[in-house]
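Tertiary structure, described
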Amino acid sequence: MPDPGAPLDHAADLGESVGDSATPLAGDSVVPFAGDPVAPASAEAPKRRRPLWVRLLVVLVLIPVVLGAGVAIAAGIYYRSVSGDVDRVDAFDNVPEADRPTKDASAGDAMNFLVLGSDTRNPENTSGSRSDTIIVLHVSGDKKAAQMVSIPRDTWVHVPKSADGKHGDTNAKINAAYAWGGVPLTVQTVEDYTGIRIDHVVMVDFSGFKEIIDALGGVEITVDQPFVSTHSLAPGGVRQFKAGTQTMDGDKALDYARERYAFADGDFARIQHQQDVIKAVLNKAASSGTLSSPTKLNKFIRATAGAVKVDDTLNLLGTATDLRGLRGGDLAMYTSPSSGTAMKGDQSVVLPDTAKAKKLFDALRTDNADAAETVMLS
């Protein structure tokens, strides 16, 4: 059994092994596959700008970005083909229904996703099976807004008993749940901590972001302070980051998002940098012509397909249809409130600010975005 209290190697900060399914794409070539819509050279570009939010769901759950843009039939064929390449996981097996939170009536048709991050090709990823990026993604009932809450991997919570009865039923770092009981126990633990019922699970191999970012031709990120990444993908294993706005390729963006030991606030800086990378991918996808170019779109989506797994109940095409009205600026990004760090035995842990966290998650559970914003500004 992996020791949940053992220090994790600092190069595994985006998560632990969940399966390496990302497939590098060579150069700028397009890999044709059954169902690809091939647009003629004279085809008009879609007139309506695709929602930025839909592109976030492309990154996280492979949602069709071109629905509702005048090519819905071709898009449906295209994404049904792509969705067949997405691995599925049994996320809710062995999750006792009696122990799960019920949905609040005021939440209406709101949806809650649990996003679990891995980094399977990290060169120093040796510490076993853990999911160290944990995000609760709430989509409002009217599908006009969403909130993304990152939960620090070392957050000290109660982990329920695992299905085999051998582990859990104790307080531990939240990422111990995956080591002890995989996705189902992680779902239980997050639901127990937040009081939010999880509808769907998405597993993201962040190492696959290299292909996604390179398919976009790099992304622009503003580095707030200079630092050195010493577990880098760069030759020699060291990369210097200067302060300021700069374009990063896939390798550099991953180094930026992995580092935590260079910062006084460690894992909290890492979480902020993860969010920076996600935002940068969204912005570049929105502005680079990716969505109007069959070649670029194919590269982008095929790279994304290799970087995600979803639960076996998620209808990708149906979810895309539900969310096609969302627009850029509708997404708020937060970090779950904490009251600092402490030692639990020989473990350094993050102590949740239970009162503030309860207010935040209660606001999301009842689909009250304004209340959630008020909590995070207080």
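A brief report on the enclosed structure follows. Each chain carries its own residue numbering, running from 1 in the direction its sequence is written. Reporting in this predicted model follows two pLDDT cut-offs: at least 70 for local features of residues, and 80 or more for side-chain atom pairs to be given and counted; totals over whole chains, interfaces and linings ignore these cut-offs and use all residues. Note that the side-chain values use all heavy atoms of the structure and ignore hydrogens as well as water.

Two rings from Phe, Tyr or Trp (for Trp, the six-membered ring) form a pair when their centres are within 6.5 Å of each other. A pair whose planes differ by under 30 degrees is stacked, one over 60 is edge-to-face, and the rest are tilted. Enumeration over the complete set of coordinates arrives at 5 aromatic pairs. Ring plane angle 40° and centroid distance 6.2 Å describe the contact between Phe-227 and Tyr-256, whose orientation is recorded as tilted. Residue Phe-227 is found in strand 9 (residues 227–229), and its partner Tyr-256 is found in helix 5 (residues 250–258); the two are separated by 29 residues along the sequence. Neither Phe-227 nor Tyr-256 differs from the other in exposure class; each is buried. With a centroid separation of 6.0 Å and 50° between ring planes, the pair formed by Phe-241 and Tyr-256 is classed as tilted. Of this pair, Phe-241 sits in strand 10 (residues 239–241) while Tyr-256 sits in helix 5, and the two are 15 residues apart along the sequence. Each member of the pair Phe-241 and Tyr-256 is classed as buried. A connected cluster of aromatic rings, assembled from ring pairs, spans Phe-227, Phe-241, Tyr-256 and Phe-263. Under the DSSP-based scheme used, a helix requires at least four consecutive residues in state H or I and a strand at least two consecutive residues in state E, with every element numbered from the N terminus. Note on exposure labels: buried denotes an accessible area under 20% of the residue type's maximum, exposed denotes more than 50%, and partly exposed covers the range between, all computed with a 1.4 Å probe on protein chains only.

Once that is clear, we can look at helix 3 (residues 176–194). Over its 19 residues, helix 3 runs only 17 Å from end to end, short of the ideal 27 Å by more than 12%, given 1.5 Å per residue. Here the bend at a residue means the angle between the axes of two seven-residue stretches, the one that ends at it and the one that starts at it. Its axis deflected by about 135° at Gly-182, helix 3 carries its strongest bend there, up to four residues before the proline Pro-184. Summarising burial for helix 3: 17 of the 19 residues are buried, a large majority. Two residues or fewer after helix 3 comes Gly-195, characterised by a positive phi angle close to 75°. One less than the number of residues in a helix, times 1.5 Å, gives the span that helix is expected to have.

Let us look at the pattern of salt bridges. We define a salt bridge as a side-chain nitrogen of Lys or Arg found within 4 Å of a carboxyl oxygen belonging to Asp or Glu. Counted by the stated rule, this structure contains 11 salt bridges. In this structure, Glu-97 and Arg-197 form a salt bridge, with 3.0 Å as the shortest nitrogen-oxygen distance. Of this pair, Glu-97 sits in the loop between strand 1 (87–89) and strand 2 (111–118) while Arg-197 sits in the loop between helix 3 and strand 7 (200–205), placing them 100 residues apart in sequence. Owing to a relative accessible area of 49%, Glu-97 belongs among the partly exposed residues under this scheme. The salt bridge partner of Arg-153 is Asp-154, with a shortest N-O separation of 3.5 Å. This pair shows no difference in class: Arg-153 is buried, exactly as Asp-154 is.

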